[in-house]
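Summary of the model geometry
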Amino acid sequence: MLITQNEIMKLNIEAGWKEVLKNELQQNYFGELQDFVEEEYKTKTIYPPADEIFNAFKLCPFNNTKVVILGQDPYHGPGQAHGLCFSVNKGIKTPPSLVNIYKELHTDIGNDIPRDGHLEHWAKQGVLMLNATLTVEAHQAGSHQKKGWEQFTDAVIKTVADQLEHVVFILWGAYAQKKSKWINDDKHLVLKSVHPSPLSAHRGFYGTKPFSQTNTYLEKYKKQAINW
């Protein structure tokens, strides 16, 4: 369950994130968001599990953030969501959008198609796997949109863009691309394409080479490439 407003420093995220987001976490809207989400967890089935809501921030320390991949909602089926966009728990069938991401990964840099959809190893290398909305009701896509999460994650993107340098922002689909207004593309690399979902992947996702472009950019600025 989410923290209460007077327990902010107990937030289950890495210390660097706590510091750069401390003012945001004290905003009135965030307290209202917490109250809403706490009540939802008490009365409904909500994903991801409460102690994994902030996994993206726990696994990818602020000062280590080199790449931001932006999703929209957590998966809303049983056992799927665990706090990282596009990623699912081990033992869960790889979702269609991630299947297409893996296809592009193979075409782009030759990686074998992974056996599962668990992307924690990306997060631990400095990839912030951020959903715009961090919680969702079971089987109700979009059910926690416009409750405050978008304001929070906008602030996260703006904080990364303002305080770090030479970060790669991967924005797949129109929804994610709206967030580019917070990013100075003279200071960062912004990669945009259509969403990798089966509905759109053939219209401009395949062949965009986001993985090799990311690593080329990181290496240009003397950063460790991602082992995708």
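Here is what the cut-offs are and how they apply
Residues numbered from 1 in each chain as written. Predicted model: local features only at pLDDT ≥ 70, side-chain atom pairs only at ≥ 80, totals over all residues. Heavy atoms only, no water. Pairing = 2+ DSSP bridges. Helix = DSSP H or I, 4+ residues; strand = E, 2+ residues; numbered from the N terminus. Axes fitted to C-alpha atoms, helices over the stretch in contact; angles between N-to-C directions. Contact = heavy atoms within 4.5 Å. Polar contact = N/O pair within 3.5 Å; in protein donor to acceptor, adjacent residues only side chain to side chain.

All right, on to the sheet that holds strand β6 (residues 189-193) then. The 4 strands lie next to each other as β3-β2-β5-β6, forming an open sheet whose pairing is parallel. Looking at the sheet topology across the chains shown, the edges are occupied by β3 (127-131) and β6. Going across the sheet, the axis of each strand differs from the next one's by a mean of 15°, ignoring polarity. As paired elements, strand β2 (residues 67-71) and strand β5 (residues 168-172) share 4 bridges and run parallel to each other. Looking at β5, one finds that Ile69 is bridged to Ile170. Against the sheet, helix α8 (residues 210-220) contacts β2, β5 and β6, and its axis sits at roughly 165° relative to β5.

The next thing to look at is the side chain of His188. The residue His188 is located in the loop between α7 (174-177) and β6 in this model. Of note is the side chain of His188, whose polar atom sits 3.5 Å from the backbone oxygen of Leu164. There is a polar contact of 3.1 Å between the side chain of His188 and the backbone nitrogen of Val167. Setting aside chain neighbours within four positions, we find His188 in contact with Val160, Ala161, Leu164, Glu165, His166, Val167, Phe169, Ile183 and Tyr217.

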